[in-house]
Amino acid sequence: MKVYYCNLEVTMEVIGGKWKGLVLYYLMKGPKRTSELKQLVHGITQKMLIQTLRELEADGLVSRKMFNQVPPKVEYSTTELGQSLEPILRALCQWGDGYADTTFAEGEFQILNNEF
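Residues numbered from 1 in each chain as written. Predicted model: local features only at pLDDT ≥ 70, side-chain atom pairs only at ≥ 80, totals over all residues. Heavy atoms only, no water.

The next thing to look at is the overall build of the chain. Per the secondary structure count, the chain includes six helices and three strands. Ordered by position from the N terminus, the helices and strands of the chain form the series α-α-β-α-α-β-β-α-α. Its C-alpha atoms give the chain principal-axis dimensions of roughly 50 × 40 × 25 Å. Taken across its 116 residues, the chain has 26% of its residues classed as buried. Sequence separation of at least 24 residues holds for 49% of the intrachain contacts in the chain that already meet a minimum separation of 6. (Helix = DSSP H or I, 4+ residues; strand = E, 2+ residues; numbered from the N terminus. Buried < 20%, exposed > 50% of the residue type's maximum accessible area, 1.4 Å probe, protein only. Contact = heavy atoms within 4.5 Å.)

This brings us to the pairing of strand 3 (residues 73-78). Burial along strand 3 is one-sided: the face carrying Val 74, Tyr 76 and Thr 78 is buried and the face carrying Lys 73, Glu 75 and Ser 77 is not. Relative to strand 3, strand 1 (residues 32-33) runs antiparallel, the two sharing two bridges. Residue pairing across strands places Lys 32 opposite Tyr 76, the latter belonging to strand 3. The antiparallel pairing of strand 2 (residues 62-67) with strand 3 creates a hairpin that spans five residues between the two strands. (Pairing = 2+ DSSP bridges.)

Another point: unusual backbone geometry. In this chain, Val 70 is followed by Pro 71 through a cis amide linkage whose omega measures -5°. Tracing the backbone shows Pro 71 in the loop between strand 2 and strand 3.

This part is about the UniProt feature "domain: HTH hxlR-type" (unreviewed entry) in the chain. Mapped onto the present numbering, the UniProt feature "domain: HTH hxlR-type" (unreviewed entry) falls at residues 6-104. End C-alpha to end C-alpha, residues 6-104 measures 32 Å, and it is 60% helix and 14% strand. (UniProt positions renumbered as here; feature names shortened; annotations may be inferred.)

Take a look at the structure:
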């Protein structure tokens with residue numbers, strides 16, 4: 001039996017880490033193929049992207065749809081459970097905006113993709 005000492009531990013186990021939030025962020029905007037996600041999530045390796053997608057799928061946040069065609073096509077999208085994280089991810093984006101505005105001097109940073 002796994003023991004958690006607070007609710008945040010459960011949440012962080014499911015969406016914590018460097019890449020899960022970013023992958024979910026981009027999937028909230030609509031279904032994506034692996035290659036699209038690789039381009040959107042800067043710095044992630046192919047291996048790490050696949051591992052992240054598998055973990056999110058195992059946790060029920062992402063679904064994987066295979067199309068029966070040649071070459072094979074796989075598309076990922078958020079499940080209803082994954083979509084339930086949208087307000088939380090929006091709040092994290094807003095917090096990041098505020099933090100950047102108060103922490104960095106003007107011209108010290110640039111957020112390129114600021115649309116949820």
